[in-house]
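Report on the structure
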Amino acid sequence: MRRIILERFNQGDLARAYDLCLAALAQQPDDGWFKHRAVLCLVRSGALERAELDFRRFRLSEASHDEDSLALGARLSKSMALEAHAGDVRPLAAVAAAQYARIFAQTGGHYPGINAATLYLLAGDFQRADALARRVLDCCRGASPADAEEAYYRLASQAEAHLLLCDTGAAQMALESAIACDRGNSMAHATTIRQLRMVKRLLQLPATWLHELEPPRPCHFAGHLFHPGAEVDGIAPARESGLSLAIAEVFERENVGPCYGAIAAGADILVAEVALERGNELHLVLPIPVNVFIDTSVRPLGGHWVKRCEACLSSAAAIHEVTTDRTLLSGQHIRFASEVAMGLARMRASTLSTSPVQLLIADDAPPAEPFGTAHDRDVWQEAGLRQIVVPATGLERYRGDNLASADTDPDFRQVLRAMLFIDVCGSSTVADDLVPVFVTSVMSVLAQVCDGLEPAPLHANSWGDGLFLAFRDVGEAARAADALRRAFAAIDLAALGLPEHLALRIGGHYGPVHEAQDPLRKTPTLFGGQVAIASRIERATLPGSIFVSAFFAAALAMARGSEFRCEYVGQTAIDALMPEVGMYSLRAVAADCPAALDAAASVGGA
């Protein structure tokens, strides 16, 4: 059972791993490993309140001999402190610091020691932070790491300790040495830089060198299609070489890493080729399936472009087809794909604790339609993010007539919708005599929240213990999901005589759907595969969590003034007949919390 749980956990299927832990505990109620792993699933998924409840329910704080359980409690307390309102941060940070300090006293390990030191700084206890930082440096001296990863973390702890002691020069040297030990571990580098950035902010230290040591920056790219002409598919070889050289110079100067965009003929292919030649990850986001996209956006400009497009496709790290429409390329599809590509780049930057950049091969003409390169340029500028434009002067742009309206059938209007499926997990265990209590005290509360939403959902439906809501944009859906989660958390289940294991789980998805009349109910409703994906995501969501798809999370990342964080939890099989879906945990965070402040410092905001 442990092996299966670990496999599910490592693959990001946290809901299944959690369920398996509970099933194992039903047979072995005293097994500490299953308890620890169950709570870790909740922490990783962002269900912090539920994780705290299970941590107490499993009495893991009493496992004084178990370092993993003790560290888990400290990690949970740290997460809560980093997401708290400014006025609540210090007392919560002090609790987490004391937990890590107790572990450090028992084990002498640099990891709990440096976490205790930084959390005491966050709590405003400078004296303890200073003393612990010196002790961490002492315990790191003379140690012989077993491998590159251990060497990295030991040096990273030293860098953090030096910065706590305001020795920026020693901190820089230690971090440079750490990265040199384990150059490919960008996720570890990002975590360290995020910690150091918080220390720098709290101590108001100059540390511009941190920016220079950030992992490579994710890039969104876009550009014009080149019109076929007398030259090789519309662009002279010398002009193409010059553009490729300019693109490569931008990549070098801006420390560009993973790239996100489409693969249309012209500018897209030039950028993709440079990325692949340099060894960068290439993530292609297409508005329609690959073969349809080639027929509409590559083949009309010449077979030369088709061969190069196919070569890029074969080497791409990932290909996202945001719709399954096999016949139609519309402006709505193009805008949606661009929104997803830009959001994925911005989310990747947040994960890597760096800032994204946009590279455009374009002229300065204003957008003629609400989609395309000029539209992407304006959206990125409004987000206040760094943008590089390589002038597309001297190119004869291709303006095809292959774009169609998304409304080809008057009875089926294609629209973009943010969808939520909501379910009360465990409601089947409610005894029949308590069903009236459940309906009036739980489902009615959720209904009242829905009634008070502003703006109201465009579509709403319910069945038994489930709800379905659809909104015009992801910001509205995210606020509705958080309001429902908070309302459910405020219900005193024990006082009502209801099972305390009841929990709300919410799945969200964003995509193109068909709006038409329900043949049975005779009311407008939504149809299509994207609706099915949304429902399956809810089934794969952990109790107490809000899980959303990559498309939902990406759109939310580009929404102005968003008060939400989406953290990747892994690829999950949501249905035997559907491909795996990248899942993100959605949480509302205070604008003045440490996590939001440090994220804004790295990624940038509007």
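Above this text you will find the structure in question.
Remember, predicted model here, so these are calculated numbers, not experimental data.

Using a probe with the size of a water molecule, rolled over the atoms, empty space left in the structure can be pinpointed. Across all of its chains, the model carries 2 cavities of 30 Å³ or more by this definition. What lines the largest cavity is Ser-45, Gly-46, Ala-47, Glu-49, Arg-485, Gly-544, Ser-545, Ile-546, Ser-585, Leu-586 and Arg-587. A class-by-class count of the residues in the lining of the largest cavity yields 3 nonpolar, 5 polar and 3 charged. Its boundaries defined by the atoms lining it, the second largest cavity holds a volume of some 40 Å³. Taken together, Gly-46, Glu-83, Arg-565, Glu-567, Ser-585, Arg-587 and Val-589 make up the lining of the second largest cavity. Looking at the lining of the second largest cavity, the elements with two or more residues in it are strand E13 (564-572) and strand E14 (581-588). The residue makeup of the lining of the second largest cavity, split by class, is 1 nonpolar, 2 polar and 4 charged.

Taking burial as the measure, the 13 residues of strand E7 (residues 413-425) include 11 buried ones, the bulk of the element. One ladder, built from 13 bridges, connects E7 with strand E10 (residues 503-517); its direction is antiparallel. Note that in E10 the partner of Asp-423 across the bridge is Arg-505. Relative to strand E9 (residues 466-471), E7 runs antiparallel, the two being bridged by 6 bridges. Note on E9: the bridge partner recorded for Ala-418 is Phe-471.

With that settled, consider the sheet that holds strand E4 (residues 318-321). Within the open sheet, the 6 strands sit side by side as E4-E3-E2-E1-E5-E6. Their pairing is parallel. Of all the strands in the sheet, just E4 and strand E6 (386-391) have a single pairing partner and so form its edges. Geometrically, the sheet is characterised by an average inter-axis angle of 20 degrees between neighbouring strands, direction not taken into account. Bridging between strand E2 (residues 256-261) and strand E3 (residues 282-286) involves 3 bridges; their strand directions are parallel. Paired with Tyr-260 across the two strands is His-283, which belongs to E3.

Our focus in this paragraph is the pattern of salt bridges. In total, this model carries 27 salt bridges according to the counting rule given. Here Arg-3 makes a salt bridge to Glu-7, at a shortest N to O gap of 2.8 Å. Taken as a pair, Arg-3 and Glu-7 lie in helix H1 (residues 2-10) at a separation of 4 residues, close to a single helical turn. In this structure Arg-3 comes out as exposed when scored by relative accessible area, which is 56%.

By the burial criterion, the buried members of helix H18 (residues 373-382) are Thr-373, Ala-374, Asp-376, Arg-377 and Trp-380. Down the axis of H18, the buried side of the element spans an arc of 160 degrees, and every buried residue falls inside it. Positive backbone phi, approximately 75 degrees, marks Gly-384, located one or two places after H18.

Moving on to the nonpolar core. Leu-420, Val-424, Leu-484 and Phe-552 are the most contacted members of the largest nonpolar core, which has 56 residues in total. Residue contributions to this core peak at 9 residues, all from helix H20 (residues 474-489). In contact with Phe-552, other than residues within four places in its own chain, are Ala-418, Val-474, Ala-477, Ala-478, Gly-508, His-509, Tyr-510 and Leu-586. Ranked by size, the runner-up nonpolar core spans 54 residues in total, among them Val-89, Ile-103, Phe-104 and Leu-121.

Here the residue pair Glu-454 and Pro-455 is connected by a cis peptide bond, since its omega of 0 degrees sits within 30 degrees of zero. Among the secondary structure elements, Pro-455 is positioned in the loop between helix H19 (435-451) and strand E8 (459-463). The phi angle at Ser-353 is positive, at roughly 55 degrees, despite the residue not being glycine. One can find Ser-353 in the loop between helix H17 (331-351) and strand E5 (357-362). For Lys-522, which is not glycine, the phi dihedral falls at a positive 60 degrees. As for its position among the elements, Lys-522 is in the loop between E10 and strand E11 (524-527).

Quick notes on the rules
- Residues numbered from 1 in each chain as written.
- Predicted model: local features only at pLDDT ≥ 70, side-chain atom pairs only at ≥ 80, totals over all residues.
- Heavy atoms only, no water.
- 1 Å grid on protein atoms, 1.4 Å probe; cavity = no way out; pocket = protein on both sides within 12 Å on 5 of 7 lines; lining within 4 Å.
- Points joined across faces, edges and corners; volume = space filled by probe spheres on them.
- Nonpolar A, V, L, I, M, F, W, Y, C, P; charged D, E, K, R; others polar.
- Helix = DSSP H or I, 4+ residues; strand = E, 2+ residues; numbered from the N terminus.
- Buried < 20%, exposed > 50% of the residue type's maximum accessible area, 1.4 Å probe, protein only.
- Pairing = 2+ DSSP bridges.
- Axes fitted to C-alpha atoms, helices over the stretch in contact; angles between N-to-C directions.
- Salt bridge = Lys/Arg side-chain N within 4 Å of Asp/Glu carboxyl O.
- Arc of directions from axis to C-beta.
- Core = buried A, V, L, I, M, F, W, Y, C linked by side-chain atoms within 4.5 Å.
- Contact = heavy atoms within 4.5 Å.

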